[in-house]
Amino acid sequence: MPRNGAASLAVAHKVNTDTATDFDAVIIGAGVSGLYQLYKLRELGMRVRVFETGTGVGGTWYWNRYPGARFDSESWTYGYSFSQELLEEWDWEEHFAGQPETERYLNHVADKSTCVATSSSRAA
Ligand SMILES: Cc1cc2nc3c(=O)[nH]c(=O)nc-3n(C[C@H](O)[C@H](O)[C@H](O)COP(=O)(O)OP(=O)(O)OC[C@H]3O[C@@H](n4cnc5c(N)ncnc54)[C@H](O)[C@@H]3O)c2cc1C
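What counts, and where the lines are drawn
Residues numbered from 1 in each chain as written. Predicted model: local features only at pLDDT ≥ 70, side-chain atom pairs only at ≥ 80, totals over all residues. Heavy atoms only, no water. Salt bridge = Lys/Arg side-chain N within 4 Å of Asp/Glu carboxyl O. Helix = DSSP H or I, 4+ residues; strand = E, 2+ residues; numbered from the N terminus. Buried < 20%, exposed > 50% of the residue type's maximum accessible area, 1.4 Å probe, protein only. Contact = heavy atoms within 4.5 Å. pLDDT = per-residue confidence, 0-100. Phe/Tyr/Trp six-rings, centres within 6.5 Å; stacked < 30°, edge-to-face > 60°. Lys NZ or Arg CZ within 6 Å of the ring centre and 35° of its normal.

Trainee: I'd love a proper account of the pattern of salt bridges, names of residues and values included.
Mentor: One pass over the full model with this rule turns up six salt bridges. Glutamate 94 is paired through a salt bridge with arginine 70; the nearest N and O atoms lie 3.5 Å apart. Of the two residues, glutamate 94 sits in the loop between helix H4 (84-89) and helix H5 (99-111) while arginine 70 sits in the loop between helix H3 (60-63) and H4, which places them 24 residues apart along the sequence. Among the residues examined, glutamate 94 registers a relative accessible area of 38% and is labelled partly exposed.

Trainee: Please set out the side chain of threonine 102 residue by residue, giving values where relevant.
Mentor: One can find threonine 102 in helix H5. Dropping the residues within four chain positions of it, threonine 102 is found in contact with Trp61, Phe71, Tyr78, Trp92 and Ala97.

Trainee: Tell me what's going on with the confidence of the model for the protein, and back it up with residues and numbers.
Mentor: Overall, the predicted model of the protein reaches an average pLDDT of 80, with 75% of residues at or above 70. Mean pLDDT across the elements of the protein bottoms out in helix H1 (residues 5-12) (35) and peaks in H3 (97). This stretch, residues 1-13, has a pLDDT under 50; its non-local contacts, to residues over four places away or in other chains, come to 17 contacts. Of the regions scoring below 50 in pLDDT, residues 115-124 engages in 35 contacts with residues more than four places distant in sequence or in other chains.

Trainee: Please set out the packing of aromatic side chains residue by residue, giving values where relevant.
Mentor: Tallied over the entire structure, the rule returns twelve aromatic pairs. Between phenylalanine 71 and tyrosine 78 the ring centres are 4.3 Å apart and the planes differ by 40 degrees, which places this aromatic pair in the tilted class. Overall, phenylalanine 71 belongs to the buried group, its relative accessible area being 6%. For tyrosine 78, a relative accessible area of 27% puts it in the partly exposed group. An aromatic cluster is present here, built from Tyr36, Tyr39, Trp61, Phe71, Tyr78, Tyr80, Phe82, Trp90, Trp92 and Tyr105 joined pairwise through their rings. The residue whose ring lies beneath arginine 65 is tyrosine 62, and the NZ or CZ to ring-centre distance is 5.3 Å.

So, in structure tokens, the structure goes:
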């Protein structure tokens, strides 16, 4: 069983198992920064592959799941403001979101951008 349970199972469906090696851009890490780059580069029509050593997306919010882990910024400040669509379709449940909600949000963002290769995808 993956360490983050259902979230990892959902991510497993997103794993791109093709063997293509020809990309316009390669992104290391599927944290907040990597997902931003993925979204923007795919918006430009580029062929992109993200390598993430974890079995799920979220970076900090995937790895840190201790009790009480949460934002110290107001949740809305963490929303991707470059996309009106993303802003409008996500309602933060808490003013200072906890790790589970933040991870769900980042999985939602990743769901909108394919080609996230996770699990054993550690870039040298
Ligand atoms: C409890 C907590 C609360 C926080 N609260 C806030 C807040 O309120 N506001 C705020 O702005 N920031 C906050 N932060 C900081 C937070 O870390 C950043 O906001 C942000 O999540 C960092 O994203 P990142 O994508 O830059 O890096 P990371 O989240 O660290 O992601 C990097 C990813 O790259 C992967 N990776 C690294 N090397 C490789 C490799 N060679 N091959 C494959 N994959 C690789 C890692 O596995 C990781 O998943 C908080 C952090 C913690 C721990």
